[in-house]
Amino acid sequence: MTIADQTQPTAKASQVDLIPAHVAIIMDGNGRWAEARHQPRTKGHVAGLENIRRVLRHLENRGVAYATIFAFSTENWTRPVAEVSFLLQLLAESLKTEVGDLHENNVRILHQGRLAELPVELSREIAAAVKLTSKNDGITLIVAFNYGGRAEIVDAAKRLIELGTAVEDLDEKAFASQMSPPGVPDPDLVVRTGGEFRISNFLLWQSAYSEFYSTPVPWPEFDELEVDKAIQAFSSRQRRFGGVLDEQPK
Ligand code: IPE
Ligand code: IPE
Ligand code: MG
């Protein structure tokens, strides 16, 4: 059984004709969602965490093979200490409580970001979850935690130097080989919830030709219908990758 088998689709599959293989999500708007309910921001993070399972299930239902979720950026360390601690704690707890279920549901978990800067115990737990689920062949969930696009590019450059890469071998393929987890394609669709129209240091390299979709819906309220709206928007886009379409006059 896969995680997708547990829910009913909300729209007929035929309505969604072009499915992105990789959807990357900037899960934004948790704090404002909570504040609008006169609750502490932390409540928004808890609700946001709970929403991941629902969205993941539906993405798999729709045939999406890879989902990247932006859970904590390299800039989020600048938040108040209590909020940062809460977010680290939330990840630690969710690794304890969720990974078993995700594994049973055949989800493969990967991490993207600087693992070494996280508390040792947390980085060990992340590594253990990745190892446990490494043979699963359902949807791949890439958790971007302590992730920043600029940091990733800098780290890739450092690694290429350490490997003694010759200048003539420094090409896009070489850089890409040091970035996303191996085998993960660039995102076809980047979704941002919470209403902003910015990338906030997310997948700077990989999103060069991703389609971008922003919705005012805050992450805790981004449900199956909203997933379908994002996929619908994607399927109506014309991707050209800098080229021209075949039917255009030469
Ligand atoms: C996104 O929600 C979650 C993280 C960045 C960890 P926010 O916490 O940024 O929520 P808003 O944008 O302040 O509403
Ligand atoms: C982006 O949201 C990071 C995550 C969702 C983890 P932010 O809330 O940190 O982005 P800004 O500060 O609005 O650009
Ligand atoms: Mg935010």
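Keep in mind it's a predicted model, so treat the numbers as computed, not measured. (Residues numbered from 1 in each chain as written. Chains lettered and ligands numbered in written order. Predicted model: local features only at pLDDT ≥ 70, side-chain atom pairs only at ≥ 80, totals over all residues. Heavy atoms only, no water.)

Concerning the overall build of the protein chain
For the protein chain, the helix and strand inventory stands at seven helices and six strands. Tracing the protein chain from N to C terminus, the helices and strands come up as β-α-α-β-α-β-α-β-α-α-β-β-α. Against the compact-globule benchmark of 18 Å for 250 residues, the protein chain has a radius of gyration of 18 Å, which places it among compact chains. For the protein chain, restricting intrachain contacts to residue pairs at least 6 apart in sequence, the fraction spanning at least 24 positions comes to 79%. (Helix = DSSP H or I, 4+ residues; strand = E, 2+ residues; numbered from the N terminus. Rg over C-alpha atoms; globule rule 2.2 N^0.38 Å. Contact = heavy atoms within 4.5 Å.)

What to know about the layout of surface pockets
Counted as a void, the largest pocket has a volume near 1000 Å³. In terms of lining residues, the largest pocket is bounded by 47 residues, among which Met27, Ile52, Phe70, Ala71 and Phe72 are the most central. Elements that contribute at least two residues to the lining of the largest pocket include exactly helix H1 (30-35), helix H2 (41-61), strand E2 (66-73), helix H3 (81-104), strand E3 (108-112), helix H4 (120-132) and strand E4 (140-147). In terms of residue count, the dominant contributor to the lining of the largest pocket is H3 (ten residues). Around the second largest pocket, the lining is made up of 18 residues, and of these Gly113, Glu152, Asp155, Gln178 and Met179 lie nearest the centre. Those elements that provide at least two residues to the lining of the second largest pocket are E3, E4 and helix H5 (149-162). When residues in the lining of the second largest pocket are grouped by element, the largest group, five residues, is from H5. Class assignment for the residues of the lining of the second largest pocket results in six nonpolar, eight polar and four charged. (1 Å grid on protein atoms, 1.4 Å probe; cavity = no way out; pocket = protein on both sides within 12 Å on 5 of 7 lines; lining within 4 Å. Points joined across faces, edges and corners; volume = space filled by probe spheres on them. Nonpolar A, V, L, I, M, F, W, Y, C, P; charged D, E, K, R; others polar.)

Focus on the nonpolar core
Judged by nonpolar contacts, the single largest core of 40 residues is most densely connected at Ile25, Leu59, Leu122, Val191 and Phe222. Those elements giving two or more residues to this core turn out to be strand E1 (22-26), H2, E2, H3, H4, E4, strand E5 (189-192) and helix H7 (224-235). Here this core gets eight residues from one element, more than from any other, and that element is H3. Here Val191 is in contact with Val23, Ala24, Ile25, Ile26, Tyr213, Phe222 and Ala230, once residues within four sequence places are set aside. Counting eight residues, the second largest nonpolar core, distinct from the first, contains Ala24, Phe70, Ala144 and Tyr147. (Core = buried A, V, L, I, M, F, W, Y, C linked by side-chain atoms within 4.5 Å. Buried < 20%, exposed > 50% of the residue type's maximum accessible area, 1.4 Å probe, protein only.)

Describing the packing of aromatic side chains
Inspection of every chain in the model, using the stated rule, returns eight aromatic pairs. Ring geometry for Phe72 versus Trp77: centroids 5.0 Å apart, planes at 80 degrees, classification edge-to-face. Assessed through its relative accessible area of 32%, Trp77 is described here as partly exposed. Between the aromatic rings of Phe175 and Trp205, the centroid separation amounts to 5.6 Å while the plane-to-plane angle is 20 degrees, which identifies the pairing as stacked. In this pair, Phe175 sits in helix H6 (residues 172-177) while Trp205 sits in the loop between E5 and strand E6 (211-214), placing the two residues 30 residues apart along the sequence. Three or more aromatic residues joined by ring pairs form one cluster here, namely Phe70, Tyr147 and Phe202. (Phe/Tyr/Trp six-rings, centres within 6.5 Å; stacked < 30°, edge-to-face > 60°.)

Notes on a negative patch on the surface
Together, Glu168, Asp169, Asp171 and Glu172 make up a negatively charged patch on the protein surface. In this fold, Asp171 is placed in the loop between H5 and H6. (Patch = residues over 30% accessible without salt bridge, like charges linked within 9 Å, V, L, I, M, F, W, Y side chains within 5 Å. Areas by Shrake-Rupley, 256 points an atom, 1.4 Å probe, with all protein chains shown as cover. Salt bridge = Lys/Arg side-chain N within 4 Å of Asp/Glu carboxyl O. Lys, Arg positive; Asp, Glu negative; His and termini not counted. Charge placed at Lys NZ, Arg CZ, Asp CG, Glu CD.)

Let's talk about the sheet that holds E6
Backbone hydrogen bonds hold the strands of a sheet together, and the pairing may be parallel or antiparallel. In spatial order, the strands read E3-E4-E2-E1-E5-E6; together these six strands make up an open sheet with parallel pairing. Both edges of this open sheet fall to E3 and E6, since each of them pairs with a single strand only. Averaged over all pairs of adjacent strands, the angle between their axes in this sheet comes to 20 degrees, without regard to strand direction. Taken together, the four bridges between E5 and E6 define a ladder with parallel strand orientation. (Pairing = 2+ DSSP bridges. Axes fitted to C-alpha atoms, helices over the stretch in contact; angles between N-to-C directions.)

Observations concerning the side chain of Arg108
Relative to the assigned elements, Arg108 resides in strand E3. If we skip the residues at most four places from it in the chain, Arg108 touches Tyr66, Thr133, Ser134, Asn136, Ile139, Thr140 and Leu141.

Re the site of ligand 2
Neighbouring residues of ligand 2: Ile26, Met27, Asp28, Phe70, Ala71, Phe72, Asn76, Arg79, Arg192, Arg198 and Ser200. Arg79 is positioned with one of its side-chain polar atoms (N or O) 3.1 Å from an oxygen atom of ligand 2. Relative to its unbound accessible area of 390 Å², ligand 2 is 78% covered by the protein chains. Placement of ligand 2 is best described as lying within the largest pocket. When residues of the shell around ligand 2 are assigned to their parent elements, the largest contribution, three residues, is made by E2. (Near = heavy atom within 4 Å. Polar contact = N/O pair within 3.5 Å; in protein donor to acceptor, adjacent residues only side chain to side chain. Sits in = over half its atoms within 2 Å of the grid points.)

Geometry only, nothing functional implied.
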